[in-house]
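Listed here are the chains, written in short residue letters.
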Amino acid sequence: MKVFRSKKTLQDYIERQKEMGKKIGFAPTMGSLHEGHLSLYTQASKENDLVISSVFVNPTQFNNPSDLEKYPRDFNRDIKILEKAGNVDAVYLPEIVDLYPDGLKSKGYDFDGLENEMEGKFRSGHFDGVGTVVEELLLQVKPDNAYFGEKDYQQLLIIEKLTEKLKLPVKIHGVPIFREKSGLAMSSRNERLTPEQRESSKVIHETLIKVNDWFRIITIPEINKRIKDIFDDQRGMMLEYFVIADEKTLKETDFFYKGHDYRAFIVVFVNDIRLIDNMHLD
Ligand code: PAF
């Protein structure tokens, strides 16, 4: 596996691969790799000639400085995991200057309102940071296909919107959420949970399963009340939001209209660790 630590060396490599007509699949990450990331590479390696990943903890998408500071980083461990996975051809570990040549600031984007829902209400500037770094990475890596986890479903739709608006020649793929045995969605943040917190956090996924059982049977205000009751009873956990939203517009709904697809979204703090999850309702 090739490791590129600068834009220049990466771009020479990409040019050669493009000349040989290789189809490139790309999965950007912020490192601290886990099986969820590996599932992106598995899908990418089935659909492309070459798989490239990147590891970059992007400062502009963190609205909370302490979250950025505490974000786990271990590049050597990540490289070992990638080598062991065996289906990643190259990894890009850019320096800040490679992605932000004019200084560490975000561009302002209009994602047709997708950015104002859910995460947008709680993490000011987050999607401008994601948009800025993903746009730059896609321009540098020039992939044919790019892969993002559905755990960050709002991010996935926003990246689709970004590439559509900028007419970037890349197809965006969502990869289903990879879960721990307990059902907890895999996340780099899970590493910070104690074994007890990890065990109790399975209530997040269990709750989404209940919501799916209640879908179109009880009203949304009643579902919202039940969710609030569940989390009021959880020690050391705080529900930040629970929203049932249209799967395309991400607009919150309080009624299930016919012909629309819906998804339930949840964010819970376990002490200061922010866990996010979602589920398509059917
Ligand atoms: O989902 C992530 O890990 C990040 O938001 C991404 C897409 C790599 C951009 O920094």
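Scroll up a little and you will see the structure.
Residues numbered from 1 in each chain as written. Predicted model: local features only at pLDDT ≥ 70, side-chain atom pairs only at ≥ 80, totals over all residues. Heavy atoms only, no water.

Trainee: Would you mind going over the nonpolar core in detail, with residue names and values included?
Mentor: Membership of the largest hydrophobic core comes to 42 residues, with the highest contact counts inside it found for Ile52 and Val134. At seven residues, the largest contribution of residues to this core is made by helix α7 (residues 126-141). Filtering out sequence-adjacent residues up to four positions away, isoleucine 52 remains in contact with Tyr13, Ile14, Ile24, Gly25, Phe26, Ala27, Ala90 and Val141. Membership of the second largest hydrophobic core comes to 27 residues, among which are Phe215, Ile218, Phe231 and Val268. (Core = buried A, V, L, I, M, F, W, Y, C linked by side-chain atoms within 4.5 Å. Buried < 20%, exposed > 50% of the residue type's maximum accessible area, 1.4 Å probe, protein only. Helix = DSSP H or I, 4+ residues; strand = E, 2+ residues; numbered from the N terminus. Contact = heavy atoms within 4.5 Å.)

Trainee: I'd like a rundown of the pattern of salt bridges, residues and numbers included.
Mentor: A full pass over the atoms with the stated rule returns 25 salt bridges. Salt-bridge contacts for arginine 274 lead to glutamate 119; the nearest nitrogen and oxygen are separated by 2.9 Å. Pair noted here: arginine 274 is in strand β9 (residues 273-280) and glutamate 119 is in helix α6 (residues 119-122), with a separation of 155 residues, a long-range link. Its relative accessible area of 12% is what places arginine 274 among the buried residues. Taking relative accessible area as the criterion, glutamate 119 reaches 4% and is therefore assigned buried. Taking the shortest distance from any N to any O, the salt bridge between arginine 192 and aspartate 272 comes out at 3.1 Å. (Salt bridge = Lys/Arg side-chain N within 4 Å of Asp/Glu carboxyl O.)

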